[in-house]
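Residue-level listing of the chains:
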Amino acid sequence: MKKILFANKYSFRPDQFEKFEALDGLETLYLDGPDAQHYDQDFSDVNGIITFGFFNHNDIKEWKSLEYIHTTSTGIDQMPVDYLKEKGIILKNCPGVHSTPIAEFVVGEILQMYKKFFKLKKQQEQHIWQADWDLMELEGKRVCIISTGSIASHIAKRLHAFDAYIVGLDVAPRNDQGYYDEVLTLDHMDEELPKADIVINAVPLFPNTYHLFNQHCFDLMKDDAIFINITRGGVVDIDALQKTLEDGKLMGALVDVLEQEPLPADSPLWDIERLYITPHNSFAGEGNNDRVFNIIYNDTKEWLESAK
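Treat the numbers as computed from the prediction; the structure is a model and nothing was measured.

**Here's the deal with the pattern of salt bridges**
Any two side chains of opposite charge can pair, given that their charged atoms come close. On inspection of all chains with the given rule, the structure shows 14 salt bridges. One salt bridge in this structure joins Arg232 and Asp77, with 3.1 Å as the shortest N-O distance. Placement of the pair is Arg232 in the loop between strand E10 (226-229) and helix H8 (238-246) and Asp77 in the loop between strand E4 (68-71) and helix H2 (81-87), with a sequence separation of 155 residues. On the basis of relative accessibility, which here comes to 18%, the residue Arg232 falls in the buried class. Owing to a relative accessible area of 39%, Asp77 belongs among the partly exposed residues under this scheme. Notably, a salt bridge pairs Asp176 with Arg174, separated by 2.3 Å at the nearest N-O pair. Each of Lys116, Lys119, Asp132 and Asp134 takes part in salt bridges that share partners, so that together they form one network.

**Concerning the sheet that holds E4**
Read from one edge of the open sheet, five strands run E2-E1-E3-E4-E5, paired in parallel fashion. In this open sheet, the two edge strands, each paired with only one partner strand, are strand E2 (26-30) and strand E5 (90-92). Adjacent strand axes in the sheet meet at a mean angle of 15° when their direction is disregarded. Strand direction decides the pairing type here: strand E3 (residues 48-51) and E4, joined by four bridges, are parallel. Within the sheet, the bridge partner assigned to Thr51 lies in E4 and is Thr71. Packed on one face of the sheet, helix H1 (residues 14-21) meets strand E1 (2-6) and E2 and runs near 140° to E2. In the packing of helix H9 (residues 288-306) onto the sheet, the strands contacted are E1, E2, E3, E4 and E5, and the crossing angle to E4 comes to about 170°.

About the cut-offs
Residues numbered from 1 in each chain as written. Predicted model: local features only at pLDDT ≥ 70, side-chain atom pairs only at ≥ 80, totals over all residues. Heavy atoms only, no water. Salt bridge = Lys/Arg side-chain N within 4 Å of Asp/Glu carboxyl O. Helix = DSSP H or I, 4+ residues; strand = E, 2+ residues; numbered from the N terminus. Buried < 20%, exposed > 50% of the residue type's maximum accessible area, 1.4 Å probe, protein only. Pairing = 2+ DSSP bridges. Axes fitted to C-alpha atoms, helices over the stretch in contact; angles between N-to-C directions. Contact = heavy atoms within 4.5 Å.

Right, dumping it as structure tokens:
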């Protein structure tokens, strides 16, 4: 019998927990509180854990019987990956579960900038009737998406429907579903950034992607380009982006993620014109619950069966 701890209950329904508990050969435990804090309990006999940030606050070395971790997130940068590899501990994540809401979020933000919805809403609040004829269209725009993974491909699919020209850059570029007009290797960034009307970072944070977007990249972009970051804050040098915007370059930039989260109330970033900050919110969507549960359930079932 394997013991598994639900440290992150996510927002699963009672019927989903019942289905999980019915897995053969499994005893399911639940954490009495959030996973993002320290616990003095003895977990040395627990074999698996469902979590997001538990090991940011608790010492994984105290888990003497740990065999299996499943994070509720797509990213794994919050996990002690080197230690897990050393100990042979299985690490599973939830790839693709947030691709739909993130892609819709990105399209919404682009349209807000192009159609000036922020400005028009302010006019409404001030009871001002004043048309703005200087609105832009997505059709024909050149969009450069850094990554051709699940999130990036969902974004490409939606922007393709607007008749934008989509270029995907990746270490190993893919175009399985044909939503990109071009796919190129990542070493073409210097060639593609000056051509793009919209640049979207969808690449995960790895040691080799830390501050991938630096001052050099922003200097290459068009003066009226849009920049969007929706994966991890560490991929973007925020000081370089701040300087770029303060120098009057870029139509606007959206950052849903930052290296320091939550952003302190006294940060100067809040007040930068044309910088749109959202609180790591792009992944939220009504379908996430079922997508996350199905992946965790199937992966855990496979783990249990392989251990027999």
